[in-house]
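Secondary and tertiary structure notes
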Amino acid sequence: MALENADIEKIAILARLQVINSETNDYANSISSILSLIDQMQQVDTDGVEPLSNPHDATQRLRKDEVTCDNQREAFIAIAPATEDGLYLVPKVLD
Amino acid sequence: MTNKTLVQISKDLAAGEYSSREITQDIIADIKARDSIYNSFISLSEDLALTQADAADARLTAGTADILTGVPFAHKDLFCTQGQVTTAASKMLANFVPPYESTVGQRLLSAGAVCVGKTNMDEFAMGSSNESSFFGAVKNPWDLNAVPGGSSGGSAAAVAAGLVPAATGTDTGGSIRQPASFCNLTGIKPTYGRVSRFGIIAYASSLDQAGPMCQTAEDAAIMLNAMAGFDELDSTSVQQETPDFTADLNLPLQGLKIGLPKEFFGSGLNPQVAECIMNAVKQIEGLGAQIIDISLPNLELSIPAYYVIAPSEASSNLSRFDGVRYGYRCDQPEDLMDLYCRTRAEGFGTEVKRRIMVGTYALSEGYYDAYYLKAQRIRRLIKDDFTRALSQVDVIMGPVAPTPAFDLGSNSKDPVAMYLEDIYTLSANMAGIPAMSTPAGFVNGRPVGLQIMGNYFAEAKLLNIAHQYQQVTDWHLQIPTSKGMPVSNEEKGA
Amino acid sequence: MSWEIVIGLEIHVQLATKSKLFSGAKVGFGAEANTQTTLVDLGMPGALPVFNEEALRMAVTFGTAINAEVCKHSVFARKNYFYPDSPKGYQTSQMDHPIVGLGHLDIQLEDGSTKRVGVTRAHLEEDAGKSLHEDYDGMTGIDLNRSSTPLLEIVSEPDMSNAKEAVAYMRKMHAIVTTIGISDGNMAEGSMRCDANVSIRPKGQQKLGTRAELKNINSFKFIERAINVEVQRQIDILEDGGKIAQETRLYDADKNETRPMRSKEEANDYRYFPCPDLLPVEIDDAYIDAIRQSLPELPDQRSARFVDQLGLSEYDAGVLSSSRALADYFEAVVAICNDAKLSANWVTGELAKYMNQNNVEIDAAPVSAVHLGQLISRVKDDTINSKGAKTVFDELWQQAGEVDDIIDANGLKQVSDMGAIEAMIDEVIALSPKQVQQYVDAEVEKRSKMLGFFMGQVMKASKGSANPGQVNGLFKKKLDELC
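Everything quoted here is computed from the prediction, not taken from an experiment. (Residues numbered from 1 in each chain as written. Chains lettered and ligands numbered in written order. Predicted model: local features only at pLDDT ≥ 70, side-chain atom pairs only at ≥ 80, totals over all residues. Heavy atoms only, no water.)

A short note on unusual backbone geometry
Across the junction of Gly150 of chain B and Ser151 of chain B, the peptide omega takes the value 5°, indicating a cis bond. In this structure, Ser151 of chain B sits in the loop between β3 (114-119) and α5 (153-160). Even without being glycine, Ala125 of chain B reaches a positive phi, approximately 70°. Note on placement: Ala125 of chain B falls in the loop between β3 and α5. The buried category is assigned to Ala125 of chain B, whose relative accessible area is 3%. Phi at Asn359 of chain C is positive, roughly 55°, even though this residue is not glycine. Following the sequence through the fold, Asn359 of chain C ends up in the loop between α8 (340-358) and α9 (369-380). (Helix = DSSP H or I, 4+ residues; strand = E, 2+ residues; numbered from the N terminus. Buried < 20%, exposed > 50% of the residue type's maximum accessible area, 1.4 Å probe, protein only.)

Side note on the interface of chain A and chain B
Contacts between the two partners involve 48 residues from chain A and, on the opposite side, 69 residues from chain B. Together chain A and chain B conceal approximately 5,200 Å² of surface at their shared face, both sides included; 69% is due to carbon and sulfur atoms. Of all residues in chain A, Met41, Leu52 and Arg61 of chain A give up the largest surface area on contact with chain B, accounting jointly for 14% of the area buried on that side. Two residues, Arg380 of chain B and Asp57 of chain A, come together in a salt bridge whose shortest N-O distance is 2.8 Å. Going through the elements one at a time, α1 (5-14), α2 (21-38), α3 (73-77) and β3 (87-91) of chain A are the ones with two or more residues in the side of chain A that touches chain B. A per-element tally of the side of chain A that touches chain B places α2 of chain A first, with eight residues. Taken together, the residues of the side of chain A that touches chain B break down into 33 nonpolar, 10 polar and five charged. (Contact = heavy atoms within 4.5 Å. Buried area = accessible area lost by both parts, 1.4 Å probe. Salt bridge = Lys/Arg side-chain N within 4 Å of Asp/Glu carboxyl O. Nonpolar A, V, L, I, M, F, W, Y, C, P; charged D, E, K, R; others polar.)

A word on the sheet that holds strand β9 (residues 139-143) of chain C
Pairing is antiparallel across the open sheet formed by four strands, whose spatial order is β2(A)-β3(A)-β9(C)-β8(C). The open sheet is flanked by β2 (83-84) of chain A together with β8 (130-136) of chain C, the only strands paired with a single partner. (Pairing = 2+ DSSP bridges.)

Examining the sheet that holds strand β6 (residues 103-108) of chain C
The strands that make up a sheet are held in pairs by hydrogen bonds between backbone atoms, and each pair lies either parallel or antiparallel. Residues and elements named next belong to chain C. Read from one edge to the other, the open sheet built from eight strands follows the order β6-β7-β10-β1-β11-β12-β13-β14, with strand pairing classed as mixed. Strands at the two margins of the open sheet, each flanked by one partner only, are β6 and β14 (257-260). Averaged over all adjacent pairs, the angle separating strand axes in this sheet is 30°, with direction ignored. Sheet analysis places β6 next to strand β7 (residues 114-126), joined by six bridges and oriented antiparallel. Bridging from a neighbouring strand, Gln108 pairs with Thr114 of β7. Sheet contacts for helix α2 (residues 163-179): β1 (3-14), β6, β7, β10 (150-156) and β11 (192-202); angle to β6, the most-contacted strand, approximately 115°. Against the sheet, helix α3 (residues 220-239) touches β1, β11, β12 (212-217), β13 (247-252) and β14, its axis set at about 25° to β11. (Axes fitted to C-alpha atoms, helices over the stretch in contact; angles between N-to-C directions.)

Overview of the interface of chain C and chain B
Often, the extent of an interface is quoted as the loss of accessible area on bringing the components together. Each partner contributes to the interface: chain C provides 30 residues, whereas chain B provides 37 residues. Counting each side, the surface lost to burial between chain C and chain B is near 2,800 Å², with a carbon and sulfur contribution of 60%. Considering only the surface of chain C that becomes buried against chain B, Pro45, Leu48 and Phe82 of chain C emerge as the three largest contributors, covering 22% of it. Linking chain C to chain B there are one salt bridge. In this structure, the salt-bridge partner of Arg197 of chain B is Asp277 of chain C, at a minimum N-O distance of 3.1 Å. The interface formed by chain C and chain B includes 16 residue pairs in polar contact (both at pLDDT 80 or more). Going through the elements one at a time, β4 (76-80) and β15 (273-274) of chain C are the ones with two or more residues in the side of chain C that touches chain B. Of the residues that constitute the side of chain C that touches chain B, the class distribution is 21 nonpolar, four polar and five charged. (Polar contact = N/O pair within 3.5 Å; in protein donor to acceptor, adjacent residues only side chain to side chain.)

Here you go:
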């Protein structure tokens, strides 16, 4: 499947990636060729085949409802790019 | 210390030939002196390493040492290390110092191993050549014009160059086995769920698995003993008893049934590589094994299915890198959208962005069934192929990669050509079975690895075969000399 | 034109677990910002989720409580979107395979009838953090304490046709989740909140109108107001020939209006897929049955007991069992005064009136169940009459005090001394010859109605403290003697 530049722009917004004009074409070409590689899958009949998401078809283990960790705010806040009063700062969020 | 095996170093430490502090200092000095050639390290953790070495020396003195106590190793820079910068070879995390340690790292530390630094890799483990690193490409110690393979290329180059005796790697589609093959190492990707993923920066959660990269099967078994085990912090960790992976190393191979899938020996395989592989297989046959022709009919589909599943999971796993809580943040964001879009555009490299976009597209509305779900169904077909084959044979053998290490820059313009290199390794990740690479010869001076794949939880069997093969061959003992090693052992003062 | 309103609710219930849905961080309201987080809730690189067994038990408990299908196979999925309060860039939720499937709930309408509202599903998901809009140099502050707090999202069918039904449904859900103990139900702290999908269509039209989604409404009162104001907005638009936009709107309680949410303007594509870090949750019949067996008495069962054992009307029983706190209060009152009917009258009457007027929920009512029970006992033993009781109740509501002290301090004790009452009656009869004559002249069956005047005079003379029953009986006797 061949992607247009407009498709790349749409995907880039969904993925929150700024793509500048000069790159759009390259991405459109390389991703289109990846998609044609991927499209080989469509030749295979997989009707009735159960999807496999975990190799062992394992099921979820449960955790006891216990508080197992202390407040580590200082350690986490220390590595954040912008903070104040223990809060992470971001440009103004609108409701 | 160059090219001493982990076992040798462990014996030397036990015998008091040198202390952990001494060998740690030597190794760090050696890396500082020689790694500018290979670029295999992103960072060194000298202070932490010496602290760990001193603790190890205390254990050695007290007689409470383990086999790994005091032995230096390196972590692929995908493993979070407490207090030590962890970058995933990305600008996004160039200054990220985690306040926590991965479960694997914790296990190695508990065993007394000493982490000297973090090795280079493809950015976020996305690549097969180690050329997508923000910190520059890594050179193959066997041939400085060749790639070391990827994504664990720095770990492979560091061990091959004799900078460290062992390193950790991760393997999502071949990222331990292919660089091991390209650099003449023994590397094993365990069964999915055997080694905890907690604290390892995720690429594709349902495929990622960590494992060791060493010079010998015995070293790999010792490393795996420390790395493997159930972890309650990882929901996909299996509650399977962890055997002693060294216990079966010396078992004879009499009666072993080896399957050779015809799909591994098709037209895409370099004939000289094929020759190396067949020679190795014949030699193992000579040890009492039996060769059986088998088929894995859906092998080729592992490429398209992998390149849907891995980028889809990655697109979601990498959403957390948003410039808010850690890592890179763009300058002067105008608004929230600008913060996200520029942080991620500036923080990620081209291949990472490309895979994020492929995954975003594959999961987007209207395409999910045709891509992700279809790929998961194909994944089932691939698993079924292995289940069928492994009911007939004990292990499956073949090449790790279609060619020996290729030249730096030769594939970097064409992602699809690069993806096709993964044909023989992807299927083990898709099925979740263990698979390894062991040195099996050279083509024009570049190493070739034999791949051994086995049933779920059969790591000990794979290591046993590799070890027996290594007892009758010396490929794994070869060390790079002319082009890769300008400093001789004498000058280094080992 | 006459319009039909269609409402569906998505209720978010914070589960009362000790730790988070996927990590061992503490769950709790009001802690200092970012002090209740782990690397899992912060979306740190390499962090992985592990599912809290208590959240599973609570979700299954809810499913059995509303007689819904409990799914033996459920799957966590990732809902991918970027927002600062969503630290991983996705919310872990359930999409195709929720833990609870189809169920239903019966709500009581004001006319006393019952309406069945369908429950489409209920699924487990993690809560988001909070954006604090105080100005930090023109920036927004992010607190992730709430991140990964377990939520049960309960999705209804669009079965409600006015705001009052929506409130009744929400109240009933509140009663159930608090009765089965899976949430504290504290709406002010956000433990229970809802989104309302509201649309209108011309009466008789089959096709649904375009809906607006009202986000994050956190009180019963606001549900009613928000829906009503939104319905009116939609009617105004359609009657002016306009069109309703499908959008997410926010209810502004101060202005009593709804407005579009700017953050939700952009079309989203959540790219749901099964979370590869979590595995399918599998439970068996034995697990579900054990939970079903351990269910406490549910609101409907309690209501039935109020009718069968306490002799209440269906309506009173329904109202009193609509909240666990209210029903507990009521039963505590009955335990003291031993009179269910009087207790029901007081709780649904005077107490409800005061709560409404003062905008207070039962938990915060200043009159305790014990005090109300004692007060009703004093009415029953004729110490005070109902008028005096209202005075006592008002005092109890206004300030602390004991029932008997207030009765004494206000001189509210009924005069039951027959001699004193007889003297007052004789005096009234002597001073009202005209009214006495009218009584004597009246037809027998009309006489009892005329007693009111004489009663009033005595009550006035006694300042309300005379026992009305005694006064009534004695008057009748004395006047009938004159006939």
